[in-house]
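# Structure assessment
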Amino acid sequence: SHFIFRDFPDVFAEEYAENSRVFAENELGPHKDNRNMVGYFLHNEPEWMFQLDCNIAWELLVKNEPLKSRRHLMEWLKARYGTVEALNAAWGLELASFDRLLEPLPRDTKLSDKGWEDLKEYEQVLIDAFGSIPLAACRKVSPNHMCMGMRYANLNEKVLMSCRVFDVLSFNCYSREPEARFELGRRANKPMLVGEWHFGGPDNGLLRTALLSAASQEERGKAYRRYLETCAADPNCVGAHYFEYNNQTLMGRFDGEHMAHGIIDCCNKPYPHMVEAMKACSNDLYALMTGEKAPYNEPIEYQKEVW
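One structure accompanies this document, and this report is about it. (Residues numbered from 1 in each chain as written. Predicted model: local features only at pLDDT ≥ 70, side-chain atom pairs only at ≥ 80, totals over all residues. Heavy atoms only, no water.)

## A word on helix α9 (residues 272-290)
- Along its 19 residues, α9 runs 28 Å from first to last C-alpha, staying within 8% of the 27 Å computed at 1.5 Å per residue.
- Along α9, the sharpest change in direction is near 55° and occurs at D284.
- Contact partners of the buried residues in α9: α8 (217-233) and β7 (237-242).
- Just past α9, the residue G291 takes up positive phi, approximately 85°. (Helix = DSSP H or I, 4+ residues; strand = E, 2+ residues; numbered from the N terminus. Expected span 1.5 Å × (residues − 1). Bend = angle between axes of the 7 residues up to and from the residue. Contact = heavy atoms within 4.5 Å.)

Set out below in structure tokens:
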């Protein structure tokens with residue numbers, strides 16, 4: 001397997017389409033007639049999304065690997081410019097022919113502003129292929145289930161670029177106030193699903209609280225209510241998955257993460273304030289969704305964030 005950047009695959013290689021077909025048939029195929037299943041995710045937190053200043057099309061041009069997507073880019077540029085002389089004039093290069101693009105360019109190659117504009121446009125082509133190729137394979141196997149997206153680790157402009165082919169925009173949203181992220185998400189004109197969020201509390205004996213924490217367990221229950229009721233009241237948000245049910249242990253999970261953000265502690269005892277907050281939210285969900293009741297908005301004392 002070859003990758004253009006981090007875990008972003010060589011999307012126009014035959015291997016990518018074949019792997020997508022095998023995945024769809026083997027993993028989704030057994031569930032294609034399951035009427036209790038709403039849909040499926042295609043990915044979880046793609047790593048290439050963590051470096052937003054990267055242009056995937058540029059990485060394709062300079063990566064020193066036999067990438068099949070280079071030919072697709074070459075043909076795309078040939079259709080746009082017609083002659084290599086026109087491409088050279090626009091990009092500020094001195095290529096002998098379009099075929100030179102089938103080999104990596106030096107990373108210190110200088111491009112004109114027009115070159116970077118073209119690469120930004122072609123990056124969208126790559127990102128669309130990244131999602132649409134496996135999606136097409138899944139649609140063929142299971143046409144009656146929704147694609148819930150890639151479950152991105154955050155919400156940003158590149159996530160919006162990549163969600164165009166999916167039924168749902170799914171993303172993690174670790175924020176005290178999710179409304180700002182929702183404003184951005186509405187530009188996709190799709191249902192939004194929060195894949196992860198949580199609040200920890202400091203009074204539990206573990207070494208770390210969470211990505212976002214309240215000042216006490218009582219304040220943590222308030223923060224939970226404020227967040228989830230905000231999601232329920234937003235017409236574009238169709239769900240919010242809390243992460244997670246149980247606290248992690250003192251020594252951490254498989255990768256060392258050891259946070260106290262659970263509904264139950266390490267001894268399987270529930271946190272009473274969280275339980276009461278969950279009950280209150282559940283009782284009010286329909287009233288929140290219909291607008292009959294406003295989201296919880298009492299003052300909340302948060303703990304200083306430590307990332």
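So much for the structure itself; the text now carries on.
## Quick word on the pattern of salt bridges
- By the definition in use, this model includes 23 salt bridges.
- E18 is paired through a salt bridge with R21; the nearest N and O atoms lie 2.5 Å apart. Here E18 and its partner R21 are both found in helix α1 (residues 14-28), three residues apart, which amounts to about one turn of the helix.
- The class of E18 is partly exposed, set by a relative accessible area of 36%.
- Between R164 and D128 there is a salt bridge, with the nearest N and O atoms lying 2.4 Å from each other. (Salt bridge = Lys/Arg side-chain N within 4 Å of Asp/Glu carboxyl O. Buried < 20%, exposed > 50% of the residue type's maximum accessible area, 1.4 Å probe, protein only.)

## Looking at the side chain of N247
- Within the secondary structure, N247 sits in the loop between β7 and α9.
- For N247, a relative accessible area of 4% translates into the label buried.
- There is a polar contact of 3.2 Å between the side chain of N247 and the backbone nitrogen of H261.
- Among the polar contacts made by the side chain of N247, one reaches the main-chain amide nitrogen of G262 at a distance of 2.7 Å.
- Those residues in contact with N247 that sit more than four places away from it in its chain are L206, M259, A260, H261, G262, I264, D265, C266 and Y271. (Polar contact = N/O pair within 3.5 Å; in protein donor to acceptor, adjacent residues only side chain to side chain.)

## A word on the packing of aromatic side chains
- A complete count under the given rule lists twelve aromatic pairs for this structure.
- Centroid distance W197 to F199: 6.2 Å. Interplanar angle 75°. Geometry classified as edge-to-face.
- A residue is classified by how much of its surface remains accessible, and F199, at 2% relative accessible area, is buried.
- Measuring from ring centre to ring centre gives 4.2 Å for W197 and Y227, while their planes differ by 5°; the resulting arrangement is stacked. Of this pair, W197 sits in strand β6 (residues 192-197) while Y227 is found in helix α8, placing the two residues 30 residues apart along the sequence. (Phe/Tyr/Trp six-rings, centres within 6.5 Å; stacked < 30°, edge-to-face > 60°.)

## Comments concerning the nonpolar core
- Counting residues in hydrophobic clusters, the biggest one holds 82 residues, and the most contacted among them are F8, L61, L77, W91, L101, L126 and L169.
- Here this core gets ten residues from one element, more than from any other, and that element is helix α5 (residues 113-141).
- Setting aside chain neighbours within four positions, we find L61 in contact with R70, L73, W91, L101, E103, P104, L105 and L119. (Core = buried A, V, L, I, M, F, W, Y, C linked by side-chain atoms within 4.5 Å.)

## Here's the deal with the environment of E229
- Position of E229 relative to the elements: it lies in helix α8.
- Using a relative accessible area of 1% as the deciding quantity, one classes E229 as buried.
- Taking C-alpha positions, E229 is 7.3 Å from L285, a pair spaced 56 residues apart along the chain.
- Beyond its immediate chain neighbours, meaning those up to four positions away, E229 contacts C281, D284, L288, A294, P295 and Y296.

## Regarding the sheet that holds β7
- Read across the open sheet, the three strands follow the order β5-β6-β7; overall the sheet is parallel. Edge positions in the sheet fall to β5 (169-171) and β7, since each has one partner strand and no second. Strand-to-strand twist across the sheet, computed as the mean angle between neighbouring axes with direction ignored, equals 10°.
- Here β5 runs beside β6; their pairing, made up of three bridges, is parallel. Counted as the bridge partner of S170 is L193 from β6. (Pairing = 2+ DSSP bridges. Axes fitted to C-alpha atoms, helices over the stretch in contact; angles between N-to-C directions.)

## Overview of the pairing of β6
- Burial within β6 is extensive, with six of its six residues counted as buried.
- At this point the chain moves from β5, through helix α7 (residues 179-185), to the parallel β6, and the crossover so formed is right-handed.
- Two elements, β6 and β7, share four bridges in a ladder whose sense is parallel. Across the sheet, the residue bridging to V194 is A240, located in β7.
- Taken together, β6, α8 and β7 form a β-α-β motif whose crossover is right-handed. (Right-handed = clockwise from strand over helix to strand, strands pointing away.)

Everything listed is a geometric property; what it means functionally is a separate question.
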